[in-house]
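Residue-level structural notes
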Amino acid sequence: MADKIFKPHGKHLIAGEWLVGDTQFSSNPAVGSADNYYSGSVELVDKAVVAAEEAFLSYGYSSRVERAKFLNCIADEIEKRAEFITDIGSRETGLPTVRLEGERGRTMGQLRLFASHIEAGDYLDRRFDEALPDRAPLPRPDLRMMQRPIGPVAVFGASNFPLAFSALGGDTASALAAGCPVVVKAHNAHPGTCEIMSEAIHAAIKICDIHPGVFSLVQGDNRAIGQALVQHPLINAVGFTGSLGGGRALFDLCAARSNPIPFFGELGSVNPMFLLPNSLNARGESIAAGWAGSLTMGAGQFCTNPGVSIVIEGADAEAFTKAAVAALEPVGGQLMLTEGIADAYQAGNKTIAAVKGIQELFTSTCDLREAKPYLYATTGDAWLENEALNEEVFGPLGIIISVKDAEQMIEIARQLNGQLTCTLHMDDSDTQLAKKLLPILERKAGRVLANGFPTGVEVSDTMVHGGPYPASTNFGATSVGTMSIRRFMRPVCYQNISADILPSDLL
């Protein structure tokens, strides 16, 4: 296995060159010794963005066939580095091999999915209104419309998915598919993983003979780099997955620019589950066991982690609570992705425990970077009175809300903040209550599901991974699935433009 160990060089990839910086920082891996990386700078950000703008003049007008070939080539280059990616990813994050192998497959799969998607061409939404020169009282000109790429895009690597949501994750894949060059701010929790994934893109750029400015990676351990990136006048949009506080700060910077740009941030969600009475009676214990598994999967470090279960008080609710505690008891400590995430988990737990009206059902002691599950209970009245209970605690912490009746369950649904997901556990005999809840929940979340658990997001044409604020900053967008390409495109109408100069996709 020694030859499968990846040894990072710690440099930035800027417009096809691996560059150093003036200072360095050290990684903080979950396993093994730290590596040194060069810190980014405002000057390096500027160089990367200027190169991205230059690349757009060719890449933004390349054919769909050429871009599809490029995306497939990147996937091939990832596969060539498979064992090295698993090695560095596991060392940096502590994630198990099987998780990283699955995430690598997802990353390659979404690249190939976007390749097929753009080759089909439907995403262009092409529309035609032929000229009517003899129409009275006014003639109509020849009108043609389609979606066009917006230009250079900034992407921030995410902490919880070092492959699928980071340097070469869904944001980068969808932007490249659209025809937009990308500048990535690497996440300092897994800089080596970002580096090797960037090497795969770098190799594909050379194979496909694409302008090297189409992709750049800037490493960094300070906020100034991210601020310089989102404020650069040549950046046209930002993709971000992370905390509410960090995302909101970047969102505000984007809005405060002299030319404001869209900030597509996926920020936070408690992903509530509504257990309707008949399903709770018939399957309460099995739902509790499934919830415990979903709640603690990957130490609860999924943005779709179902942190809240709403039940109607009574014997069935008590049985559900007892079963949930029993399912959590054997769960041991799990390594969290970073020390910062582990600290935030403990701080969030203390905040929840201090809320008036909260009851501890299952608690434990966490050591350093390890997380163990916590389970709390509260009433519908207490939930409605305490806004703090609506805030996400990133980790395996769950809250059971016992409401008085179906009407209070509906009231809680109405008071929810924006969510990535909402879940209905229901039987056929719960249909009438479900009909009342669904119109409310579809206004609260980007994905509503029945009789399942929201952890696990299918990369497909139909997936929506987004929702009203604070789940995301743009409720009309998704960061997963082929529809995510729309974030980095805009409609352009061509009036009486001759065929000689029209984009080929409109001919």
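Residues take numbers from 1 onward in each chain, read along the sequence in its written order. The model is predicted, so local features are restricted to residues of pLDDT at least 70 and side-chain atom pairs to those at 80 or more, both for listing and for counting; the totals for chains, interfaces and linings are taken over all residues. Hydrogens and water molecules were not included; the side-chain quantities draw on all heavy atoms of the structure.

This part takes up the side chain of serine 279. The way it works is that DSSP assigns letters per residue, a run of H or I at least four long becomes a helix, a run of E at least two long becomes a strand, and they are numbered from the N terminus. Within the fold, serine 279 resides in helix H9 (residues 277–296). Exposed residues in this analysis have more than 50% of their type's maximum accessible area, buried residues have under 20%, and partly exposed residues fall in between, with area computed by a 1.4 Å probe over protein chains only. According to the relative accessible area criterion, serine 279 is buried, its value standing at 0%. Each polar contact in these results corresponds to two N or O atoms within 3.5 Å; when the atoms are within protein, one needs to be able to donate a hydrogen and the other to accept it, and residues that are neighboring in sequence are counted only if both atoms are side-chain atoms. At a separation of 2.8 Å, a polar atom in the side chain of serine 279 contacts the main-chain carbonyl oxygen of histidine 425. Between two residues, a contact is recorded if the distance between any of their heavy atoms is within 4.5 Å. Here serine 279 is in contact with Gly284, Ile287, His425, Met426, Asp427 and Asp430, once residues within four sequence places are set aside.

This part takes up the environment of valine 230. Here valine 230 is to be found in helix H7 (residues 223–231). Along the chain, valine 230 and alanine 255 lie 25 residues apart, while their C-alpha atoms are 10.0 Å from each other.

Let us look at the packing of helix H2 (residues 64–80) against helix H4 (residues 97–120). At a minimum axis separation of 8 Å, H2 and H4 run at an interaxial angle of 170°. Between H2 and H4, the angle is such that the two are roughly antiparallel. Seen from above, H2 lies across H4 with left-handed handedness. When H2 is examined against H4, the residues Arg64, Arg67, Ala68, Leu71, Asn72, Ile74, Ala75, Asp76, Ile78 and Glu79 are found in contact with a partner set consisting of Arg104, Thr107, Met108, Leu111, Arg112, Phe114, Ala115, Ile118, Glu119 and Ala120. Ten residues, namely Ala, Val, Leu, Ile, Met, Phe, Trp, Tyr, Cys and Pro, are considered nonpolar, four, namely Asp, Glu, Lys and Arg, are considered charged, and the remaining ones, Gly among them, are considered polar. Among the residues forming the contact of H2 with H4, the class breakdown is 11 nonpolar, 2 polar and 7 charged. Geometry is summarised by axes, namely lines fitted to C-alpha atoms with helices restricted to the contacting stretch, and by angles between N-to-C directions that run from 0 to 180 degrees. Comment on the angle field: the value is read as roughly parallel under 35 degrees, roughly antiparallel over 145, roughly perpendicular from 65 to 115, and oblique elsewhere. The sense of a crossing depends on the near helix, which, turned anticlockwise from the far helix by less than a right angle, makes the crossing left-handed and, turned clockwise, makes it right-handed.

Our focus in this paragraph is the sheet that holds strand S15 (residues 359–362). Paired strands are those between which DSSP finds at least two bridges. Read from one edge to the other, the open sheet built from 7 strands follows the order S15-S17-S18-S13-S12-S19-S20, with strand pairing classed as mixed. Both outer strands of the open sheet, S15 and strand S20 (445–450), are each paired with one neighbouring strand and no more. Shown here is a sheet whose adjacent strand axes are inclined to one another by a mean of 20°, direction ignored.

This brings us to the sheet that holds strand S21 (residues 489–495). Strand order across the open sheet formed by 3 strands is S5-S6-S21, with antiparallel pairing between neighbours. Edge strands, defined here as strands with exactly one partner in the open sheet, are strand S5 (127–129) and S21. Neighbour-to-neighbour, the strand axes of the sheet open up by a mean angle of 25°, direction not taken into account.

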